[in-house]
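What follows is each chain in one-letter form.
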Amino acid sequence: MNKYVLLDFCETVVDFQTFDVFILYVLQKKRPLIYKIFKCKIINFVLDKLTALSIICGHCYCFKKRCLVLFTKGISKDDFQFCGKEFYENVLTKHFINDVLGLLEKFKKEKLEIIIISGGSNYYIDCFAKQYEIEHVITAKIAFKDNISEGRLENECLGKDKIKLLDKYMEKNKIHGKIAYTVTDSISDMPIIDRAEKAVIISYGKHKKWVNEKMEEIIWS
C-alpha cells in the first residue's frame, strides 16, 4: 500500500505567504495602476482591518485575497502562466527553507509520495512540483471562462477546505493508501494534521506553543 505526505507550501517550503504577493506581481505586470493602489499603506491597513473583522465575524478568512483576485478580471490564463514561471524563478527560489527541501529528499528515499496541498496558486507551485518531481498538487484556484480570469476564486484551500479538496482529489485520481505525514507550519492545518499518522511542524526561530509531544518540530532560522 502506498504512503503519502501532505505538504503545505507557504511558510513551509518557502518562508512567506505567497498568494497575495503573486497576485500583486501579476497586477504590477498587467495592471500597474491597480498595483500602485494596492501598495498604498492606507489601502493595505484598511484591507487588513476588514480581513480581521471578517474573520472575527466568521464570514471570510481571505477578504484581502478575494479583493486582489477581483482586479485580475480580464487577465488571460497565458499571462498567469507566464507570470507564475517568472515569479517562481525570480522570487520563490530565493526563499526556500532548506531544512524542508532536505526532508523532501528523505521522504523520496523512503518511497513516500508527496501531495502538495496549499492555499497558494497553482501557477508557481506547479513549477516547484515539476522541478522536484512531485505529481500531486492541490491549490487555491482562480476561476476562468474562455481562458480569461473572472476575477473570483474557483476554490479556496485553507483549513477544512483542504480535507474536502483532498478527498475529492484522491477519489478522482483513484489514490488509495495511508497518509504517513503532514508537513505544515500552521495550526489552521489541524484538519490535515489529524488525517496523518505523524506531523512535522515547521517553525521559524522558536517553538510553537500549540505543538505537542506527538508532533516533530523543525525550528529553522
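What you are looking at is a predicted structure, and each value in this text was computed from that prediction instead of being measured.

Would you explain the overall build of the chain in this entry?
Counting secondary structure elements, the chain contains 9 helices and 7 strands. Taking 2.2 N^0.38 as the reference for a compact globule, 221 residues should give roughly 17 Å; the C-alpha atoms of the chain span a radius of gyration of 18 Å, in line with that estimate. Dimensions along the principal axes, computed over C-alpha positions, put the chain at roughly 50 × 35 × 30 Å. A total of 221 residues make up the chain; the buried ones form 50% of that total. The long-range fraction of contacts in the chain, counting pairs at least 24 apart against all pairs at least 6 apart in sequence, stands at 61%. Taken as a whole, the chain presents about 12300 Å² of accessible surface, with 54% of it coming from carbon and sulfur. Counting 36 positive and 30 negative side-chain charges, the chain places the averaged centre of each group 4 Å from the other.

Is there a simple way to explain the pairing of strand β6 (residues 198–204) in this structure?
Remark: a regular strand shows side chains that alternate across the two faces of the sheet. Burial runs high along β6: 5 of the 7 residues are buried. Looking at chain direction, strand β5 (residues 177–184) and β6 are connected through 4 bridges and run parallel. Among the inter-strand pairings, Thr182 is bridged to a residue of β6, identified as Ala199. As paired elements, β6 and strand β7 (residues 216–220) share 5 bridges and run parallel to each other. When the bridges of β7 are listed, Ile202 appears paired with Ile218.

What exactly am I supposed to notice about the sheet that holds strand β3 (residues 136–145) here?
Backbone hydrogen bonds are what pair the strands of a sheet, in a parallel or an antiparallel way. Judged by pairing direction, the sheet is mixed, and its 7 strands sit side by side in the order β4-β3-β2-β1-β5-β6-β7 without closing on themselves. Looking along the sheet, the strands with just one partner apiece sit at the ends: β4 (148–155) and β7. The mean angle between the axes of side-by-side strands here comes to 25°, regardless of whether they run parallel or antiparallel. Set on the sheet, helix α7 (residues 122–131) makes contact with β2 (113–121) and β3; between it and β2 the angle comes to about 155°.

Looking at this structure, how should I read the environment of Gln81?
Tracing the sequence through the fold places Gln81 in helix α5 (residues 77–90). Note on Gln81: relative accessible area 41%, which makes it partly exposed. Gln81 sits 46 residues away from Cys127 along the chain, and the two C-alpha atoms are 9.8 Å apart.

I keep staring at the packing of aromatic side chains and nothing clicks. Help me out?
Think of a pair of aromatic rings as described by two things: how far the centres are apart, and how the planes are tilted against each other in angle. According to the stated counting rule, one finds 17 aromatic pairs in the structure shown. Ring geometry for Tyr88 and Phe96: centres 6.2 Å apart, planes at 55°, overall tilted. Exposure remark for Phe96: the relative accessible area of 15% places this residue in the buried category. Taking NZ or CZ as reference, Lys65 lies 4.4 Å from the ring centre of Phe19, over its face.

Which parts of the structure should I look at to understand the packing of helix α1 (residues 19–30) against helix α4 (residues 63–70)?
A packed helix pair is summarised by two numbers, namely the angle formed by the two axes and the spacing between the axes. At their nearest, the axes of α1 and α4 sit 10 Å apart, and the two run at 20° to each other. Between α1 and α4, the angle falls in the class roughly parallel. The handedness of the crossing between α1 and α4 is left-handed. Where α1 approaches α4, its residues Phe19, Asp20, Ile23, Leu24 and Leu27 are matched on the opposing element by Lys64, Lys65, Leu68 and Val69. Looking at side-chain class alone, the contact of α1 with α4 contains 6 nonpolar, no polar and 3 charged residues.

For this particular structure, what's the right way to read the pattern of salt bridges?
Pairs may arise between side chains of opposite charge once their charged atoms sit close together. According to the stated counting rule, one finds 10 salt bridges in the structure shown. Notably, a salt bridge pairs Asp8 with Lys162, separated by 3.2 Å at the nearest N-O pair. Taken together, the residues Asp8 in the loop between β1 (2–7) and α1 and Lys162 in helix α8 (residues 160–172) connect sequence positions 154 residues apart. When its relative accessible area of 6% is taken as the criterion, Asp8 is described as buried. The class for Lys162 is buried, based on a relative accessible area of 2%. If you follow the salt bridges from partner to partner, you end up with Asp8, Lys162 and Asp189 in one network.

Reading guide: rules and limits
- Residues numbered from 1 in each chain as written.
- Predicted model: local features only at pLDDT ≥ 70, side-chain atom pairs only at ≥ 80, totals over all residues.
- Heavy atoms only, no water.
- Helix = DSSP H or I, 4+ residues; strand = E, 2+ residues; numbered from the N terminus.
- Rg over C-alpha atoms; globule rule 2.2 N^0.38 Å.
- Buried < 20%, exposed > 50% of the residue type's maximum accessible area, 1.4 Å probe, protein only.
- Contact = heavy atoms within 4.5 Å.
- Areas by Shrake-Rupley, 256 points an atom, 1.4 Å probe, with all protein chains shown as cover.
- Lys, Arg positive; Asp, Glu negative; His and termini not counted.
- Charge placed at Lys NZ, Arg CZ, Asp CG, Glu CD.
- Pairing = 2+ DSSP bridges.
- Axes fitted to C-alpha atoms, helices over the stretch in contact; angles between N-to-C directions.
- Phe/Tyr/Trp six-rings, centres within 6.5 Å; stacked < 30°, edge-to-face > 60°.
- Lys NZ or Arg CZ within 6 Å of the ring centre and 35° of its normal.
- Parallel < 35°, antiparallel > 145°, perpendicular 65-115°, else oblique.
- Left-handed = near helix turned anticlockwise from the far one by under 90°.
- Nonpolar A, V, L, I, M, F, W, Y, C, P; charged D, E, K, R; others polar.
- Salt bridge = Lys/Arg side-chain N within 4 Å of Asp/Glu carboxyl O.

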